[in-house]
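Structural description and commentary
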Amino acid sequence: MTAWRSMLVGTFMAVSAVAAGSAALAQDAVTRAVPESRAQIQASFSPLVKQTAPAVVNVYAARQVQQRSSPFAGDPFFEQFFGRQFGDSFGQRKPRIEQSLGSGVIVDPSGIVITNNHVIEDADEIKVAMSDGREYESRILLRDKTSDLAVLKIEGKEKFPVLALGNSDAVEVGDLVLAIGNPFGVGQTVTSGIVSAQSRTQVGISDFDFFIQTDAAINPGNSGGALIDMQGSLIGINTAIFSRSGGSIGIGFAIPSNMVKAVVDAAAAGNSSFVRPFIGATFQTITRDVADSLGMEQPYGALIAALVKDGPGAKAGLKIGDVILRVQGVRADNPDVLGYRLSTAGIGKTVDLDILRDGKTQTIAVKLEKEPAVKDIAPQLIEGDNPLAGASVVELNAASSKKLRLPEATTGVGVSDIYRGSPAQRLGLRPSDIIRGINGTPIRNIQDLQSALSAGRGLMWRLEFERDGALIRQFVR
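These lines cover the structure that appears in this document, whether it is placed above or below. (Residues numbered from 1 in each chain as written. Predicted model: local features only at pLDDT ≥ 70, side-chain atom pairs only at ≥ 80, totals over all residues. Heavy atoms only, no water.)

**A few points about the overall build of the chain**
Heads up, the rule is: Secondary structure elements are taken from DSSP: a helix is a run of H or I of four residues or more, a strand is a run of E of two residues or more, and numbering for both begins at the N terminus. Type-normalised accessible area, obtained with a 1.4 Å probe on protein chains alone, sets the label of each residue: buried when under 20%, exposed when over 50%, and partly exposed for intermediate values. In what follows, a contact means two residues having at least one pair of non-hydrogen atoms within 4.5 Å. Note on areas: Shrake-Rupley with a 1.4 Å probe; residue coverage comes only from the protein chains shown.
Across its full length, the chain holds 13 helices and 28 strands. Buried residues in the chain amount to 45% of all 477 residues. Look at the contacts in the chain between residues 6 or more apart in sequence, and 63% of them connect residues 24 or more apart. Of the roughly 23,800 Å² of accessible surface on the chain, a fraction of 50% belongs to carbon and sulfur atoms.

**Some thoughts on the pairing of strand β20 (residues 360–367)**
This is how the line gets drawn: Paired strands, in this sense, are two strands between which DSSP finds at least two bridges.
In this structure, strand β19 (residues 350–357) lies alongside β20, joined through eight bridges in antiparallel fashion. Of the residues in β20, the one forming a bridge with Leu353 is Ile364. The loop that links β19 with its antiparallel partner β20 comprises two residues; one of these, Asp358, has a positive phi angle of about 55 degrees.

**Some remarks on the pairing of strand β8 (residues 176–181)**
By the criterion of burial, β8 is predominantly enclosed, with five of the six residues buried. Relative to strand β9 (residues 189–200), β8 runs antiparallel, the two sharing six bridges. In the sheet register, Val177 faces β9, and the bridge partner there is Gly193. Here β8 runs beside strand β11 (residues 226–228); their pairing, made up of three bridges, is antiparallel. Bridge pairing in β11 links Ala179 to Leu227.

**Some words on the nonpolar core**
For clarity, the threshold we go by: Definition used in this section: a nonpolar core is a set of buried Ala, Val, Leu, Ile, Met, Phe, Trp, Tyr and Cys residues joined via side-chain atoms within 4.5 Å.
Val105, Ile114, Leu163, Leu234, Val260, Leu318 and Leu353 are the most contacted members of the largest nonpolar core, which totals 48 residues. No other element matches the seven residues that helix α7 (residues 257–268) contributes to this core. Once residues lying within four places of it in the same chain are set aside, the contact partners of Leu353 are Ile279, Leu318, Ile324, Arg326, Val327, Gln362, Thr363, Ile364 and Val366. Membership of the second largest hydrophobic core comes to 20 residues, among which are Ala391, Val415, Leu427 and Trp461.

**Observations concerning the packing of aromatic side chains**
The test is simple: Aromatic pairs are defined between Phe, Tyr and Trp rings, using the six-membered ring for Trp, whenever the two ring centres lie within 6.5 Å; interplanar angles under 30 degrees are classed as stacked, those over 60 as edge-to-face, and all others as tilted.
If you walk through the whole model with that rule in mind, you get three aromatic pairs. Look at Tyr136 and Phe160: their rings are 5.3 Å apart centre to centre, the planes differ by 85 degrees, and that puts the pair in the edge-to-face class. Within this pair, whereas Tyr136 is found in strand β6 (residues 135–144), its partner Phe160 is found in the loop between β7 (149–154) and β8, the two being separated by 24 residues in sequence. Accessibility assignment for this pair places Tyr136 and Phe160 in one class, buried. Consider the rings of Phe210 and Tyr340, whose centres lie 3.8 Å apart with planes at 5 degrees: the pair is stacked. Note that Phe210 is positioned in the loop between β9 and β10 (211–214) and Tyr340 in helix α10 (residues 335–345), a separation of 130 residues in sequence. Residues Phe210 and Tyr340 agree in their burial class; the two are buried.

**Considerations on the environment of Lys375**
Examined against the element boundaries, Lys375 turns out to sit in the loop between β21 (369–370) and β22 (380–381). Non-local contacts of Lys375, meaning those with residues more than four positions away in its chain, are made with Asn397 and Ala399.

**Considerations on the packing of α7 against α10**
What counts is decided by this rule: Here an angle of 0 to 180 degrees is reported between the N-to-C directions of two axes, which are lines fitted to C-alpha atoms, with helices fitted over the stretch in contact. Working rule for angles: under 35 degrees goes down as roughly parallel, over 145 as roughly antiparallel, 65 to 115 as roughly perpendicular, anything else as oblique. Handedness of a crossing follows from how the near helix is turned relative to the far one, being left-handed for an anticlockwise turn of less than a right angle and right-handed for a clockwise one. Amino acid classes used here: Ala, Val, Leu, Ile, Met, Phe, Trp, Tyr, Cys and Pro are nonpolar; Asp, Glu, Lys and Arg are charged; the rest, including Gly, are polar.
Where α7 contacts α10, the two axes come as close as 9 Å, and the packing angle between them is 40 degrees. Of the possible angle classes, the one that applies to α7 and α10 is oblique. The handedness of the crossing between α7 and α10 is left-handed. Taking contact as the criterion, the partners of Asn258, Met259 and Ala262 in α7 are, on α10, Tyr340, Ser343 and Thr344. For the contact of α7 with α10, the class distribution of residues is three nonpolar, three polar and no charged.

**Considerations on α10**
Operational definition: Any pair of N or O atoms that falls within 3.5 Å is considered a polar contact. Within protein, one atom must be able to donate a hydrogen and the other to accept it, and sequence-neighbouring residues count only if both atoms are side-chain atoms.
All of the buried residues along α10 are Val337, Leu338, Tyr340, Arg341, Leu342 and Ser343. For α10, the side-chain oxygen to backbone nitrogen distance between the N-cap and Asp336 is 3.0 Å, and the N-cap itself is Asn334. Looking one or two places after α10, you find Gly346, whose phi comes out positive at around 100 degrees.

The quantities given are spatial measurements derived from coordinates; they are silent on function.
This is the structure:
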């Protein structure tokens, strides 16, 4: 079975304005060329490694976890009937220390480090080790689970070596790159390769789905490490590989440096989380059939399936059925690409969207806003003698829909969790399902659900729920 293995990558920016300006000029002056002589082929990456490697660090994270000696402790079904204390009485919980190893990149001389969120997730203690052996305590400034990025601050007062952030949009397929990290904990390691693909989406690694693909060898422990170009600029944070064995087979993925820059800038502004711009629309991928129905020669873009009333998109003039083709003149192949472009643009920015409407193209300017605060709704457990017992459900709004990975404009009642061995699990209900009907009664909110369950006792149950856009009907005695 194919398995995704988390790994590598480091990040981005921040040297001085002079250094950043010099790096930009160097980038502009680059002329790509195929090696033409033996001398060119025998050229070494050594000077580049000496320049960049000191800014790539090892990240050690430790967390204390409770180890249960009782097979019943922590079991939600058992504790539902007998209580948590009774389950714990079978054996005392014992603390255990778990450690994880990854890599990171210093992007500011003050000791700002970018790494992967999964490297430091739930850590009680984080240490950063330099390539020369020095170790420092560090603290978390910002975590973003969606992009799998985290920003750390080294607890040290000296100036640290840095990697300047490059422009990941300027990277081209075939460009030479180096990956630097600490694979399998063997120590700092450099591998070389090329950019295998740009704007790689729909790979199923995480909620964030826009990567640079490379064949530079990346292995466990490389997570949070650096992917650099031939000018010594950080162009990506290595974060995952595709592997059947757990080792590198030449398919690795890095988070682009422009996304890293947006997260680092958020941390520099004093934010503890990265807030994505709000456009107030739900998008659908353009399939071949949809493209044909719209008269499009190629199936690309993001079809607007729903709009939030008075949201930025609606106020700018976007309509349901519009297809967004480009953002700031850059092609948006699918909703993932569109989301990346909007995230890197930032809140408060006005972006030009090229759209297709009624067979004609036009440009609409949309000002990106901060998502309005929405009340977080607590899930409710369904109990009683009914086929949905054991399911936790929540009334859907923008906040709860996002948690269940549903479109923000989704309404109704969604399933947030299922107890093991419950009637709901035996029914086949899954988290993120939407309950649409019970015995012919439409379910619009929790009150509708409770009323339908109370009225349906002793009857044959006719249930309707939505999953991945498809309506499923079941009959239960």
